[in-house]
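# Breakdown of the fold
So the chains spell out like this:
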Amino acid sequence: MLPLLFLGLLAHACLVRPQQLQPKNIFILAGQSNMAGRGGVVNNTWDGIVPSQCQPNPSILRLSANLTWVLAQEPLHADIDTKMITGVGPGMAFANVVLAKDPTFGVIGLVPCAIGGTAISQWGRGTSLYKRLVRRAQAALQDGGTIQALLWYQGEADTVSKEAADSYGAKLESFFVDVREDLKSPMLPIIQVALASGSVPFVDTVREGQLGIDLLELRTVDAKGLQLESDGIHLTTQAQVQLGEIMADTFLQLLPSTNGPILSPIPSSAPRRAIGYVTWICRVIIKHLNYLT
Ligand SMILES: *[C@@H]1O[C@H](CO)[C@@H](O)[C@H](O)[C@H]1NC(C)=O
Ligand SMILES: *[C@@H]1O[C@H](CO)[C@@H](O)[C@H](O)[C@H]1NC(C)=O
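Reference entry: report on the structure contained in this document. Within each chain, residue numbers correspond to sequence positions counted from 1 in written order. Chain A is the first chain written and ligand 1 is the first ligand written, with later ones labelled in order. Given that the model is predicted, a residue must reach a pLDDT of at least 70 before its local features are reported, and side-chain atom pairs must reach 80 or more before they are shown or counted; all residues, however, enter totals for whole chains, interfaces and linings. Side-chain measures here rest on the full set of heavy atoms in the structure, leaving out hydrogens and waters.

## Some remarks on the site of ligand 2
Neighbouring ligand 2 are S64, N66, T68 and V70. Here an oxygen atom of ligand 2 and a side-chain polar atom of N66 are 2.4 Å apart. Looking at the shell around ligand 2 residue by residue, the class counts come to 1 nonpolar, 3 polar and no charged. Think of it this way: one heavy atom of a residue within 4 Å of a molecule or strand is enough to make that residue near it. By the criterion applied in these results, polar contacts are pairs of N or O atoms within 3.5 Å in which, for protein atoms, one can donate a hydrogen and the other can accept it, and in which residues neighboring in sequence qualify only through two side-chain atoms. Charged means Asp, Glu, Lys or Arg here, nonpolar means Ala, Val, Leu, Ile, Met, Phe, Trp, Tyr, Cys or Pro, and polar covers whatever is left, Gly included.

As structure tokens, this is what we get:
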């Protein structure tokens, strides 16, 4: 009786969590508030409106702050950018569009890391934000999968002074190069967003810094002209949906199937033996249960 109960419980655990054992297509979301998401946030309150393009999808998971995979839903950064009120960002629209346009893509794992108000100097190698990004990326690979791209939207905080704006491009480029190196993926695709907002006149200097970076497998999408909330800084929910769609199209153009460039997504170097055994035991049990019933 007891062994049967044990087998039943094990089989149940196997059956209800099939996706957690599947390889995931991992995307790192980093930057400041417009990546974290402020769509629908007015007067420090999120309106709770989630457009159809940002609805949860069983094939889109999110690495929570405690490093477990959960069903992704807005606001994606709620437990990451905890000092602010979060709303809609580009991540869910991005993932839904990728899956809609490439139904064979497989399960997506989003790894939110963006923190509102942060300047590029706070993201340099060795900083706590940088270390957390690398730590979360490595944790995301624990169950297998590959890091497909870094999605980056940051720079508004660097438009406040000439010094910060002038040095922005060089610092950003170093950040991209360092992340690729520390994630052991020298050709990791990066999709960055050129600023839609910031303090005049240095916002143009920062944009020049962004547009001036020339790295392989780096693509820049432009948020300039997208609709802003009444604060004049943050993209509205609809603008975030548009941005997510543009980023998805840009990512899909980078995929080998459509374009043929040499890509080197990060293979998981994490030990998989424990997972492998669990999967194997589950398979054996399920097979035997099938014989019994
Ligand atoms: C936000 O606050 C301002 C000033 O208090 C007010 O005029 C406006 O109606 C508020 N907007 C919303 C959506 O609550
Ligand atoms: C981890 O976070 C997720 C999502 O916030 C939550 O559902 C889950 O209970 C947490 N797990 C632990 C072990 O704290």
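## Concerning the nonpolar core
Side chains of nonpolar character tend, in soluble globular proteins, to be buried together. As used here, the term nonpolar core means buried Ala, Val, Leu, Ile, Met, Phe, Trp, Tyr and Cys residues forming a set that is joined through side-chain atoms within 4.5 Å. Burial classes: relative accessible area under 20% of the type maximum marks a residue as buried, over 50% as exposed, and values in between as partly exposed (1.4 Å probe, protein chains only). Core analysis: the biggest nonpolar cluster contains 78 residues, and W152, F175, F176 and F251 have the highest contact counts within it. Elements are defined by DSSP. Helices are runs of H or I of four residues or more, strands are runs of E of two residues or more, and each kind is numbered from the N terminus. If you tally residues by element for this core, the top one is helix α8 (residues 237-254), at 8 residues. The contact rule is simple, with two residues in contact once any of their heavy atoms fall within 4.5 Å. Non-local contacts of W152, meaning those with residues more than four positions away in its chain, are made with A30, G31, M35, I120, W123, Y168, L172, F175, F176, I191, Q192 and V193.

## Some details on unusual backbone geometry
Look at the link from E74 to P75: it is a cis peptide, with omega at -15 degrees. Tracing the backbone shows P75 in the loop between β5 (69-71) and α3 (91-101). In this chain, V200 is followed by P201 through a cis amide linkage whose omega measures 5 degrees. Looking at the element boundaries, P201 is found in the loop between β8 (190-194) and α7 (202-211).

## Details of the sheet that holds β8
Strands are labelled as partners when DSSP assigns at least two bridges between them. One open sheet holds the 7 strands; their spatial order is β5-β4-β6-β1-β7-β8-β9, and the pairing between them is mixed. At either end of the open sheet lies a strand with only one pairing partner, and these are β5 and β9 (218-222). Taking the axes of each pair of neighbouring strands and ignoring which way they run, one obtains an average angle of 25 degrees across the sheet. Where strand β4 (residues 60-63) lies against strand β6 (residues 108-112), 3 bridges are found, and the strand directions are parallel. Looking at the pairing, L61 lines up with G109 of β6. Between N-to-C directions, angles span 0 to 180 degrees; the directions come from axes that are lines fitted to C-alpha atoms, helices contributing only their stretch in contact.

## With respect to the pattern of salt bridges
When a carboxyl oxygen of Asp or Glu is within 4 Å of a side-chain nitrogen of Lys or Arg, the pair counts as a salt bridge. Applying the stated rule across the entire model yields 8 salt bridges. With a closest N to O distance of 2.7 Å, D249 and K101 form a salt bridge. Of this pair, D249 sits in helix α8 while K101 sits in helix α3, and the two are 148 residues apart along the sequence. With a relative accessible area of 28%, D249 lands in the partly exposed category. The salt bridge partner of R125 is E181, with a shortest N-O separation of 3.2 Å. In this pair, R125 sits in the loop between β6 and α4 (128-140) while E181 sits in helix α6 (residues 168-182), placing the two residues 56 residues apart along the sequence.

## Re the packing of α3 against α8
Two numbers describe how α3 lies on α8: the axes approach to 7 Å, and their chain directions differ by 45 degrees. By the angle class used here, α3 and α8 are oblique. Crossing angle aside, the handedness with which α3 passes α8 is right-handed. Only Q240, V241, G244, E245, M247, A248, D249, F251 and L252 of α8 make contact with α3, whose side of the interface consists of A93, F94, V97, V98 and K101. Reported orientations rely on four angle classes, namely roughly parallel under 35 degrees, roughly antiparallel over 145, roughly perpendicular from 65 to 115, and oblique for the rest. By definition, turning the near helix anticlockwise from the far helix through less than a right angle yields a left-handed crossing, and turning it clockwise yields a right-handed one.

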